[in-house]
Amino acid sequence: MRASRTLATVGLFATLTLGLAACGGGAEEPAEPAPAPPMSSAPASPAASDGVTTNDDVFGPACDQLPQGDEPGSLNSMGPEPVATAASTNPLLTTLVTAVGEVPGLADTLNQQEGITVFAPANPAFEAVQQQLGEEQFNALLADTDTLQGLLSYHVTPERLDAAGIVEKGTLTELAGGDITIGGTADAPTVTDGQGNTANVLCGNIPTANATVFVIDKVLMPQG
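Remember, predicted model here, so these are calculated numbers, not experimental data.

Draft legend 1. Local environment of the overall build of the chain. Across its full length, the chain carries 12 helices and 7 strands. Sorting the 224 residues of the chain into buried and exposed places 42% on the buried side. Carbon and sulfur atoms make up 53% of the accessible area of the chain, which amounts to about 11,000 Å² in all.

In structure tokens:
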């Protein structure tokens, strides 16, 4: 099912290739005074590896475009919300939110995940796709829920990771079944899709209740 969706996605977006190119515990020893040091050092390790971030971890050139304080779409506002609900107020992601809304049940599915990483194309990334396809074909894409779901699922990793985590992994397998490659550094990661197009992170490590979000500047596409 996913394979067919991926193939359909590749077929529909084949003409875009040139245009888009220019997320253990150790055994406990019953010693009496010894457990105290391991307990005090343990929180740092899980906190760094579970992919959960805070507002202080957010980085990127477009982060200052987010509303401030407790306004809708601000970090304070999005943090307690599940990812699809949080994205619905993010001014950088209005086109993505529209696309997700076109797939019945997808927003609920994303909200119900326990821990995921989302690479969220910013509005200009979708504008580039629209320019390549033309308005008629772009609207047809939004109406083709199977193809659209496959494309959007290619932007979701079924593991919660922060910037350091994605760079350490190097290669991530997406819900749609294809892989993406992470390059750069934790301060400036890049995301390369199956067709060799490389996206930059505009605002990364955005915390939500069940996901870490990276706003990127391209729509990712699986290998054809």
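That was the structure; now back to the text.
Draft legend 2. Layout of helix 10 (residues 135-143). For helix 10, the complete set of buried residues consists of Phe138, Leu141 and Leu142. With its buried residues spanning 100 degrees around the axis, helix 10 presents them on a single face. Away from its buried face, by an angle of more than 90 degrees, helix 10 presents the exposed residues Glu136 and Ala143.

Draft legend 3. Representation of the sheet that holds strand 1 (residues 116-121) within the structure. One open sheet accounts for 7 strands, arranged 2-1-7-6-5-4-3; its pairing is mixed. The outermost strands of the open sheet, each flanked by one partner alone, are strand 2 (156-157) and strand 3 (171-173). Bridge analysis of strand 5 (residues 188-192) against strand 6 (residues 198-207) gives 3 bridges, and the strand direction is antiparallel. Bridge assignment links Thr192 to a residue of strand 6, and that residue is Thr198.

Draft legend 4. Molecular detail of the state of the cysteines. Counted by the stated rule, this structure contains 1 disulfide. At a sulfur-sulfur separation of 2.1 Å, the disulfide partner of Cys63 is Cys203. On the S-S bond that ties Cys63 to Cys203, the torsion sits near 110 degrees, and the link is right-handed. Taken as a pair, Cys63 in the loop between helix 4 (44-49) and helix 5 (75-78) and Cys203 in strand 6 lie far apart in primary sequence, 140 residues in all. By relative accessible area, Cys203 is classed as buried at 0%.

Draft legend 5. Quick look at the packing of aromatic side chains. Per the counting criterion, the structure on display carries 1 aromatic pair. Their ring planes at 20 degrees and their centres at 5.6 Å tell us that Phe119 and Phe214 sit as a pair that is stacked. Within this pair, whereas Phe119 is found in strand 1, its partner Phe214 is found in strand 7 (residues 211-216), the two being separated by 95 residues in sequence. As far as the burial class goes, Phe119 and Phe214 line up, both buried.

Draft legend 6. Up close: the side chain of Lys218. Along the chain, the position of Lys218 falls in the segment after strand 7. In this structure the side chain of Lys218 is engaged in a polar contact, spanning 3.4 Å, whose partner is the backbone oxygen of Thr198.

Draft legend 7. Just helix 7 (residues 94-101), in detail. Every buried residue belonging to helix 7 is among Leu96, Ala99 and Val100, and all of these are buried. Taken around the axis of helix 7, the buried residues stretch over an arc of 100 degrees, which confines them to a single face. On its buried face, helix 7 is in contact with helix 8 (106-112), strand 1, helix 9 (123-133), helix 10 and helix 11 (145-153).

Draft legend 8. Structural detail: unusual backbone geometry. Positive phi, close to 65 degrees, is recorded for Asn205, a residue that is not glycine. On the secondary structure map, Asn205 appears in strand 6. On the basis of relative accessible area, Asn205 is assigned to the buried category, the value being 7%.

Draft legend 9. Region of interest: the nonpolar core. Residues Leu110, Val118, Leu152, Ile206 and Val215 are the most contacted members of the largest nonpolar core, which totals 39 residues. When neighbours within four sequence positions are excluded, Val118 is seen to be in contact with Val83, His155, Val156, Ala211, Thr212, Val213 and Phe214. Of all hydrophobic cores here, the second largest spans 16 residues; its members include Phe59, Leu172, Ala176 and Leu220.

Draft legend 10. Layout of the pairing of strand 5. Looking at chain direction, strand 4 (residues 179-185) and strand 5 are connected through 5 bridges and run antiparallel. Bridge pairing in strand 5 links Ile182 to Val191. Linking two consecutive strands that pair antiparallel, namely strand 4 and strand 5, is a turn of 2 residues. Linking two consecutive strands that pair antiparallel, namely strand 5 and strand 6, is a turn of 5 residues; a positive phi of about 90 degrees is found at Gly196 within it.

What counts and how
- Residues numbered from 1 in each chain as written.
- Predicted model: local features only at pLDDT ≥ 70, side-chain atom pairs only at ≥ 80, totals over all residues.
- Heavy atoms only, no water.
- Helix = DSSP H or I, 4+ residues; strand = E, 2+ residues; numbered from the N terminus.
- Buried < 20%, exposed > 50% of the residue type's maximum accessible area, 1.4 Å probe, protein only.
- Areas by Shrake-Rupley, 256 points an atom, 1.4 Å probe, with all protein chains shown as cover.
- Arc of directions from axis to C-beta.
- Pairing = 2+ DSSP bridges.
- Disulfide = S-S within 2.5 Å.
- Phe/Tyr/Trp six-rings, centres within 6.5 Å; stacked < 30°, edge-to-face > 60°.
- Polar contact = N/O pair within 3.5 Å; in protein donor to acceptor, adjacent residues only side chain to side chain.
- Contact = heavy atoms within 4.5 Å.
- Core = buried A, V, L, I, M, F, W, Y, C linked by side-chain atoms within 4.5 Å.

Worth remembering: the numbers are spatial, not functional.
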